[in-house]
Amino acid sequence: MATDLELSITGMTCASCAARIERKLNKLDGVTATVNYATEKAKVTFPEGLDPAALVEQVEAAGYRARLPQAEAEAVAEEDPTAALRQRLVVSAVLSVPVIALAMVPALQFTYWQWISLALAAPVLVWGALPFHRAAWTNLRHGAATMDTLISMGTLAAFAWSLYALLFGTAGTPGMTHAFELTIAPTDGAGSIYLEVAAGVTTFILAGRYFEARSKRRAGAALTALLELGAKDVAVLRDGRETRIPVADLAVGDRFVVRPGEKIATDGVVEDGSSAVDASMVTGESVPVEVGPGDAVVGATVNAGGRLVVRATRVGGDTQLARMAKLVEDAQNGKAQAQRLADRVSAVFVPIVIALAVGTLAFWLGSGHGVAAAFTAGVAVLIIACPCALGLATPTALLVGTGRGAQLGILIKGPEVLESTRRVDTVVLDKTGTVTTGRMSLVEVHAHGADEDVLRLAGALENASEHPIAKAVAAGAQARVGELPAVEEFQNLAGLGVQGVVDGHAVIVGRERLLAEWSVHLDEDLARAKRDAERQGRTAVLVAWDGVARAVLVVADAVKPTSAEAVRRLRGLGLTPVLLTGDNEAAARAVAADVGIDEVFAEVLPQDKVDVVARLQAAGKVVAMVGDGVNDAAALAKADLGLAMGTGTDAAIEASDLTLVRGDLMAAVDAIRLSRRTLATIKGNLFWAFAYNVAALPLAAAGLLNPMIAGAAMAFSSVFVVSNSLRLRGFRGTAPTAAPVAGATRPKAPAPVG
C-alpha cells in the first residue's frame, strides 16, 4: 500500500534543480515524486515499508535540503525569505553602477579607473554572486550542471579574464581607455577588461531572482489567505456557560456561540437563532444567505445578523475550508504535460549550452579573431542561455490560476485538468440540484378570483402539514401574501391531501379524488391547467372551499435563476449542453425548454448515468459532466472532465476534477473560462521563454550580444513570465447570484442593516 507525503525543499535555484531532485527520488524503489520549483514542494508517493527519512537523505545526497511535514510544523516561523536576497541585491547594485558607468562612458575613464573598477567589482563577484557559485559547486560535486553553473562560469570567466588583462596584459597601464560597444570587433584581448560584465550580470540576475521570489510569494498569497480565513478562538457552551477556547481545541459535537460580526469557527449545524451569513470569503457569493435551526453553516463565513448557537459537525482538516486549501495546494504541486516537457528540455539544455559556449570560443579563435572577441561571444552564450523562464512558465501560472480560482469558489484539482478543459466539446448537466434547485417550489397559480385569497387559505392549510409538496405550497404562499391565518379542525388524509377550516371556510387541498369525495368537480379551465401541468411532469395541487373548485397550484422542482444564462454562456464557449436526469420525460423536457437545452436523456437510473457518458464518448465527444449527488459520482469520474457542485455530496466532490463551491451553474462557466485562460497563459509563457532562448543564442554566438546586455535580458525574461502569470489575478468571474450554500434551505436575503 502506498503513502503520500509532501516534502518542503530548500536550496533550489532553477527548474534544473527540481528535475534533478525528482530524478534522484524516483530512483528509490516504488517511489514516485513530483518536484515543483515554484512552490518548493515535492509530492512523493512511496511504499509503506520505506522510512520517510530516507527520502530526506536522498534529497540531501543531491545537494539540497528537505523537511518532513512534522518538522516543518515544529519549525519556527521563518523571516521573509526575500530579505537576504534583497540585501545582496542592494549592495551589489550600489557597487556595480559605478563599474558599469565607467566601462560604458569613456569620458569618465580617469587615470587608474580600471583598478577602482576591480575594487568595486570584486565584492560583487565574490559575495553578491556567492549563491550562484555555491550552487554550481554543489552541482559539480554531484556531477550535474544547472543554470547556476552557466551564471557562475560566465561571471568567473569574465572576472578571471579581466584580472589577467590587468596584471599581465596592457589593461593595467595608467590612462588606459576603451570604448563600450554592443558589437564585437577583433582585438588581441590583452587590453580589454570585462569587470562590468561580471558585476552587471550578477546584479541583473540577482534582481531577476529577487523579483521572481517576490512574485512567487504573491502568486501563492491566495492559498495563504485561504488558510488564514478561519477564526482563531471560539466561545463554547459548557454547562450553560460560555468558555473561550482556541479553535484547535474544538471537538465534533461541541456547541458554540457566534455573535453578529464574528466568524463561524468551524462547519456545523445551527441549533438556535437565525441570521444572515456572509459566505463570500468561501463561496465567492456576495449576497448573504438566511440560516436558522437545522441549516448547515461553513467555517470561516461571517455571521452578519443575529446570535447563533451552532453544533460542530467537522473540525480541523475535515472542514470545508481545510479541504479547499488541500485541493488548491495539491493542484499547485502537480505538473501539467507542458511543464513535464519543459523540465525535460531544461535538464539537457545546460550541458548543450556549455558545449555550445566552448564551440563558440573555439570557432572565434580558429577564425583568426582576437581572444577578447572569442571570449566575449562564449560568455554571452553562457549567460543568455539560462532557461530560468522556461522553468517558471508553468508553475507560476498554475499557482496564480488555482489561487484565483479558490478566491472565486472554484477548486481545480490538478494541472492536467486544464488540458481537459481545452478539448471538451459536450457538457452533460445533471438536472436535480444542478440545473434546478433540487427542492419543490410553487411555480404557478391558476385561480378563479384573487390569487391572494387562494394562497392565503390553501397556504394556511398546507402549513399545518409536513409533506414536502405541502411545504412548497406554504412557503410559496408566505412569500407572496405574508403571514398566514390559523387553521381549525385540520385533518391529514394520507395519499389524498388535507382539509380544515380557515377564516370560516371549509377548505380542501389535494388530489382530484379528494375533491370528488366532496362532490366538487373541476371546470374546463382548471381541468386544462391540471392537464398542462401534468404533461410537463409537474405536480398539480387542487384547491376548493365551500363546495367550489377555486384553483390549481402547480408545484415543481424550480429551475435555478441563473441556469438559462449559464447554458447560453456554455454554448458561447463552444460546448453542446445535454440534460441528464432520472426524472420522467415530460418534466425533463420542460426544464430543458426553460433553459435552452435540445438534447435530453430522461428516466435514467443512477447506475446508467455512466453508460450515457460512455455512449457520448464512443460517439467521439469529449465530455464534461456537472453533478452534485452520490448517484453522479461514477459519471463524474468517467467523464473527461468532472465538475461537482460544492453544495453536493462528498462522493461527488471526490470523483470530480473541479469543485464549484457555489451551488450555481454559472460557476461552471467561470471554472471552464478560468481553466482555459490559465492554460493559455502557460502556453504563452512557454512560447516566450523558449523562443527567447532560441532567438538569442545565435546572436550571442555570432558575437552580436554584449554579455551584460545578455544578462539583463535573461533576468527580464524570468520577470516577464512571472508578471504575465500574475495577470491571472485580475480574472473576473460572472457576478454571483442568489444560490444557497451547502446545507442552506432558506432563500437568500440581504443582511439586516443596523
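Conventions adopted
- Residues numbered from 1 in each chain as written.
- Predicted model: local features only at pLDDT ≥ 70, side-chain atom pairs only at ≥ 80, totals over all residues.
- Heavy atoms only, no water.
- Helix = DSSP H or I, 4+ residues; strand = E, 2+ residues; numbered from the N terminus.
- Contact = heavy atoms within 4.5 Å.
- Core = buried A, V, L, I, M, F, W, Y, C linked by side-chain atoms within 4.5 Å.
- Buried < 20%, exposed > 50% of the residue type's maximum accessible area, 1.4 Å probe, protein only.
- pLDDT = per-residue confidence, 0-100.
- Polar contact = N/O pair within 3.5 Å; in protein donor to acceptor, adjacent residues only side chain to side chain.

Details of the side chain of Thr581
Stage number 1. The topology assignment puts Thr581 in the loop between β22 (576-580) and α22 (585-595).
Stage number 2. With sequence-adjacent residues up to four places away left out, Thr581 is seen in contact with Lys431, Thr432, Ala588, Phe601, Ala602, Glu603 and Val604.

Looking at the nonpolar core
Stage number 1. The biggest cluster of nonpolar side chains holds 50 residues, and the ones touching the most others in it are Leu429, Val626, Leu643, Leu658 and Leu665.
Stage number 2. Take this core: its biggest share by element is eleven residues, from helix α26 (residues 666-701).
Stage number 3. Apart from the residues lying within four places of it in its own chain, the contact partners of Leu429 are Val435, Val567, Leu570, Pro577, Val578, Leu579, Leu580, Ile597, Val626 and Leu665.
Stage number 4. Val99, Ile151, Leu166 and Tyr194 belong to the second largest nonpolar core, which has 33 residues in total.

A few points about the confidence of the model for the protein chain
Stage number 1. On average, residues of the protein chain carry a pLDDT of 78, and 80% of them reach 70 or more.
Stage number 2. Mean pLDDT values for the elements of the protein chain range from 51 in helix α3 (residues 69-74) up to 94 in helix α5 (residues 113-128).
Stage number 3. Note on residues 736-754: pLDDT under 50 across the span, and 54 contacts to partners over four residues away in sequence or across chains.

What about the side chain of His133?
Stage number 1. Its place among the elements puts His133 in helix α6 (residues 130-141).
Stage number 2. Of the polar contacts made by the side chain of His133, one reaches the backbone oxygen of Leu125; its length is 2.9 Å.
Stage number 3. Side chain to side chain, His133 and Ser152 meet in a polar contact 2.8 Å long.
Stage number 4. Apart from the residues lying within four places of it in its own chain, the contact partners of His133 are Leu125, Val126, Ser152, Thr155 and Leu156.

Structural notes on unusual backbone geometry
Stage number 1. Phi at Ala300 is positive, roughly 80°, even though this residue is not glycine.
Stage number 2. Counting through the fold element by element, Ala300 comes out in the loop between β11 (296-297) and β12 (302-303).
Stage number 3. The buried category is assigned to Ala300, whose relative accessible area is 1%.
Stage number 4. Phi at Ser519 is positive, roughly 60°, even though this residue is not glycine.
Stage number 5. Position of Ser519 among the secondary structure elements: in the loop between α19 (512-517) and α20 (524-535).

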